[in-house]
Amino acid sequence: MNHRKMKIGITCYPVRGGSGVVATELGLQLAQRGMEVHFISYNIPFRLQEYIPNLFYHQVEVMNYPLFKYPPYTLTLAAKMAEVARGWGLDILHVHYAIPHAACAYLAKGIIGEDAPKVITTLHGTDITLVGIDESFKSITEFSINSSDGITAVSNYLKTQTERAFQVNRDVEVVYNFIDTDKFIPKEQECQRRQFAEDDEKIVMHVSNFRPVKRAEDIIRIFDLISREIPSKLVLVGDGPDASKALSLAERLGIKENVVFLGTHNAVEKILPCADIFLIPSQEESFGLSALEALSCGIPVIGYRAGGLVEVVEDGESGFLVKIGDAVAAKDAAVKLLKNPEKLEYHKEKARERAVNKFNAPEIVEHYLSYYERVLNGKG
Ligand code: GMT
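Residues numbered from 1 in each chain as written. Predicted model: local features only at pLDDT ≥ 70, side-chain atom pairs only at ≥ 80, totals over all residues. Heavy atoms only, no water.

S.K.: Which parts of the structure should I look at to understand the sheet that holds strand β3 (residues 55-59)?
M.R.: Pairing between sheet strands relies on hydrogen bonds along the backbone, with the strands arranged either parallel or antiparallel. Read from one edge to the other, the open sheet built from seven strands follows the order β3-β2-β1-β4-β5-β6-β7, with strand pairing classed as parallel. Bordering the open sheet on either side are β3 and β7 (172-174), each of which pairs with just one other strand. Across the sheet, the mean angle from the axis of one strand to that of its neighbour is 25°, orientation sign disregarded. Pairing of strand β4 (residues 92-96) with strand β5 (residues 118-123), which is carried by five bridges, proceeds in the parallel orientation. Counterpart to His94 in the pairing with β5 is Ile120. Along the sheet, helix α6 (residues 156-165) contacts β5, β6 (150-153) and β7; its crossing angle with β7, the most-contacted strand, is approximately 165°. (Pairing = 2+ DSSP bridges. Helix = DSSP H or I, 4+ residues; strand = E, 2+ residues; numbered from the N terminus. Axes fitted to C-alpha atoms, helices over the stretch in contact; angles between N-to-C directions. Contact = heavy atoms within 4.5 Å.)

Now the structure itself:
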């Protein structure tokens, strides 16, 4: 569909994490479609490395003053949003992760007045399920969601959670996260499996920010059970607060030499295709972007039946989802796959199909663009 050329401001956390990745990839896709895109953040988003025409980055400088125990970043961000929106004539200000971005956008609109851009807030997960519902944030989260001109959520699960936890006075549009299926591709032959495992070993992989919701110790427990039945290696990609806990558990269980900890990596699409299966035993997952990245590389996903992950992975097809905390069931599902090459091949195909058919970038970016138009026409 043809869309008018829009000027779109995007604010996100520029660090590693699903919401930052989605916001950055969306900005890139929009710029490639001729939209003018302005990132407003305290750092250049980590996946924004090359020069792209139509794409601008506006840095928020945080002022420090001895009086400030906590430098007021949110105020500086709001002022910057207003400056960029006014200076460049933004049509839309699309903020990712409600806290504090939706409140900053509300403030920026107040500063600008009549010609303010429409504000769209995309809810990503913990901004609702963990942080947003905390008493200290609840009223401001609700207020800033309701002050947005449009609200999107990355899954039906998150939409329901939002409507349950808050008095939301407008429709929440579900726009699933997406993946560039030309970048995340199955290419086993190129991937040097031998850097991780011997020829007769299977590769189990996990990618995350190792926050408590990821249940990092469960990854080790499940892998320990798998490795007792099948020679295998566990490759861990990413870093975060619980990474060291996971590694110490591996040491205590005597399997440390079978765990390859890679730490943070920019190009996960180069590592994922080495895997035979992907593990994501999260306690809570509004979507599970890393699972989608795995699916796109043709890697079946094994995880817990948590939140929106069931909308990403079709249980029994592109992967297997078991009860939260049931490490034995997760191991059983993994072993069944790893012991049967034909079955593994079938589910690898289903994984890739799922990503291509349901979460391919062009359709989802088109969904965002249509939604922008609706909001601009006052029908968000
Ligand atoms: O992990 C977080 O606390 C925040 C956030 C992030 O930036 O990674 O994760 C959420 O947003 C992702 C992108 O939409 C989703 O894929 C993740 O499922 C979601 N995390 C949780 O719900 C725990």
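Alright, that's what it looks like, and here's the rest.
S.K.: Just checking my understanding: could you explain the packing of helix α2 (residues 73-88) against helix α3 (residues 98-112) for this structure?
M.R.: For any two helices packed against each other, the geometry is given by the interaxial angle and the distance between the axes. Closest axis-to-axis distance for the α2/α3 pair is 8 Å, and the angle between their directions is 50°. The orientation of α2 relative to α3 falls into the category oblique. The element α2 and its partner α3 pack so that their crossing is right-handed. In contact with Thr74, Leu75, Leu77, Ala78, Ala79, Met81, Ala82, Ala85 and Arg86 of α2, α3 contributes Pro100, His101, Cys104, Ala105, Leu107, Ala108, Ile111 and Ile112. A per-class count over the contact of α2 with α3 returns 14 nonpolar, two polar and one charged. (Parallel < 35°, antiparallel > 145°, perpendicular 65-115°, else oblique. Left-handed = near helix turned anticlockwise from the far one by under 90°. Nonpolar A, V, L, I, M, F, W, Y, C, P; charged D, E, K, R; others polar.)

S.K.: Is there a simple way to explain a nonpolar patch on the surface in this structure?
M.R.: Residues Met63, Tyr65, Leu67 and Phe68 make up a contiguous nonpolar surface patch of roughly 450 Å² in combined accessible area. If you trace the backbone, Leu67 turns up in the loop between β3 and α2. (Patch = residues over 30% accessible without salt bridge, like charges linked within 9 Å, V, L, I, M, F, W, Y side chains within 5 Å. Areas by Shrake-Rupley, 256 points an atom, 1.4 Å probe, with all protein chains shown as cover. Salt bridge = Lys/Arg side-chain N within 4 Å of Asp/Glu carboxyl O.)

S.K.: What am I meant to see in the sheet that holds strand β8 (residues 202-207) here?
M.R.: Pairing in this open sheet of six strands is parallel, and the strands run β10-β9-β8-β11-β12-β13 from one edge to the other. Looking at the sheet topology across the chains shown, the edges are occupied by β10 (259-263) and β13 (319-322). With strand direction ignored, the average angle separating the axes of adjacent strands in the sheet is 20°. The sheet strands contacting helix α7 (residues 216-229) are β8, β9 (232-237), β10, β11 (277-280) and β12 (301-304), and the helix crosses β9 at an angle near 165°. Packing against the sheet, helix α11 (residues 327-339) makes contact with β8, β11, β12 and β13, and its axis sits at approximately 170° to β12.

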